[in-house]
Amino acid sequence: MKKFVCIVTATAVLALLSGLASAYEVPKELVIKRPEKTPQQSSWVGSVKFPHGFHAVYNPCKACHHEESDRSLGQFLPCTQCHIKPGLDEPTGFFRAFHNSSPTSCLGCHKQKRLTKQAMPPISCTRGCHKKQ
Ligand code: HEC
Ligand code: HEC
Ligand code: HEC
């Protein structure tokens, strides 16, 4: 009986997962590009190759696509639709979305994971994310 319940649960979970998989597109690899109007901070700051699929396996979508992104039930907007302003201190600026200390940002989450010893994601500017082309 117990085994049967397990199988039924597993089938339900699988059905749910495949349902989700077909409902949303989950890009595997992305290149995050600086918006045209945002000045380049330094000559070494190039575009960032982002292993999106890898992150989506270990983190819920909402860890990054915070409520502003999927308000309309499962619509996943690019961050740069809103975070486009130039300037390092703008809360809705391009820079802060990826570097501020909150766990929604790349650097914020990476630092927290290291601090809590959960994982060792990269935090080096040029070796981690802005790799020399
Ligand atoms: C670790 C952070 C993170 C996680 C987790 C994450 N995403 Fe993303 N996602 C991003 C970033 C960053 C972008 C690129 C946005 C940009 O280029 O402005 C993106 C882009 C996308 C895009 C493309 C949007 C477009 O139109 O260009 C889709 C679709 C998407 N994500 C869906 C998902 C789904 C579905 C999940 C969960 C299964 C998920 N994401 C989990 C950070 C994440
Ligand atoms: C529909 C618009 C919209 C989208 C899309 C969006 N954001 Fe945001 N985000 C905002 C707004 C507005 C705020 C400021 C909220 C506030 O003032 O508390 C914000 C705040 C943030 C903050 C905190 C910034 C700070 O300095 O306190 C981070 C980090 C962040 N977003 C990251 C992301 C990432 C990463 C993505 C894409 C995966 C994303 N956002 C997509 C609108 C958006
Ligand atoms: C919610 C937390 C979180 C956010 C947000 C996040 N990451 Fe990560 N990232 C991780 C973790 C955890 C790892 C895996 C570390 C490990 O296994 O050692 C990782 C690994 C990576 C790696 C190394 C991949 C590899 O093959 O070793 C890169 C590059 C990376 N992240 C870039 C980014 C970028 C760019 C963003 C923002 C667009 C981002 N991350 C946002 C948690 C996060």
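It should be emphasised that the depicted structure is a prediction, and the values quoted were computed from it without experimental measurement.

Here's the deal with the overall build of the chain
When you go through the chain residue by residue, the secondary structure sums to five helices and two strands. In the chain, the succession of α and β elements from N to C terminus is α-β-β-α-α-α-α. Counting all 133 residues of the chain, 5% fall into the buried class. Taking as baseline every contact in the chain between residues at least 6 positions apart, the subset at least 24 positions apart corresponds to 32%.

What about the site of ligand 2?
Near ligand 2 you find 18 residues, and of these Glu68, Cys79, Cys82, Ala97 and Ser105 are the closest. Looking at side-chain class alone, the shell around ligand 2 contains six nonpolar, ten polar and two charged residues.

Examining the site of ligand 1
Ligand 1 sits among 19 residues. The nearest are His55, Cys61, Cys64, Phe76 and Pro78. Residue assignment for the shell around ligand 1 shows that the elements contributing at least two residues are strand 1 (30-32) and helix 2 (52-58). Partitioned by chemical class, the residues of the shell around ligand 1 number 13 nonpolar, five polar and one charged.

Examining unusual backbone geometry
Even without being a glycine, lysine 117 presents a positive backbone phi close to 55 degrees. Relative to the elements of secondary structure, lysine 117 occurs in the loop between helix 4 (106-115) and helix 5 (125-129). Judged by the 7 C-beta atoms lying within 10 Å of it, lysine 117 falls in the exposed class.

With respect to the confidence of the model for the chain
Atomic detail in the predicted coordinates should be set aside for any region of low pLDDT. Looking at the chain, pLDDT values average 83 and 78% of them are 70 or higher. Across the chain, element-level confidence peaks in helix 4 with a mean pLDDT of 97 and bottoms out in helix 1 (residues 2-23) with 48. Note that pLDDT drops below 50 for residues 7-22; the model gives that stretch zero contacts with residues more than four away or on any other chain.

A short note on the environment of isoleucine 123
Relative to the helices and strands, isoleucine 123 resides in the loop between helix 4 and helix 5. Counting along the chain gives 13 residues from isoleucine 123 to histidine 110, while the straight-line C-alpha distance between them is 6.5 Å. In contact with isoleucine 123, other than residues within four places in its own chain, are Leu107, His110, Lys111, Arg114 and Gly128.

Regarding the environment of histidine 99
Turning to its location among the elements, histidine 99 is positioned in helix 3 (residues 94-99). Residues histidine 99 and cysteine 109, ten residues apart in the sequence, show an inter-C-alpha distance of 9.2 Å. For histidine 99, the contacting residues outside a window of four places in its chain are Ser105 and Leu107.

Quick look at the environment of glutamate 25
Residue placement: glutamate 25 occurs in the loop between helix 1 and strand 1. Among the residues examined, glutamate 25 registers 7 C-beta atoms within 10 Å and is labelled exposed. Residues glutamate 25 and phenylalanine 76, 51 residues apart in the sequence, show an inter-C-alpha distance of 8.9 Å.

Definitions and cut-offs
- Residues numbered from 1 in each chain as written.
- Chains lettered and ligands numbered in written order.
- Predicted model: local features only at pLDDT ≥ 70, side-chain atom pairs only at ≥ 80, totals over all residues.
- Helix = DSSP H or I, 4+ residues; strand = E, 2+ residues; numbered from the N terminus.
- Buried ≥ 20, exposed ≤ 12 C-beta atoms within 10 Å, placed from the backbone.
- Contact = placed C-beta atoms within 7 Å.
- Near = placed C-beta within 6 Å.
- Nonpolar A, V, L, I, M, F, W, Y, C, P; charged D, E, K, R; others polar.
- pLDDT = per-residue confidence, 0-100.

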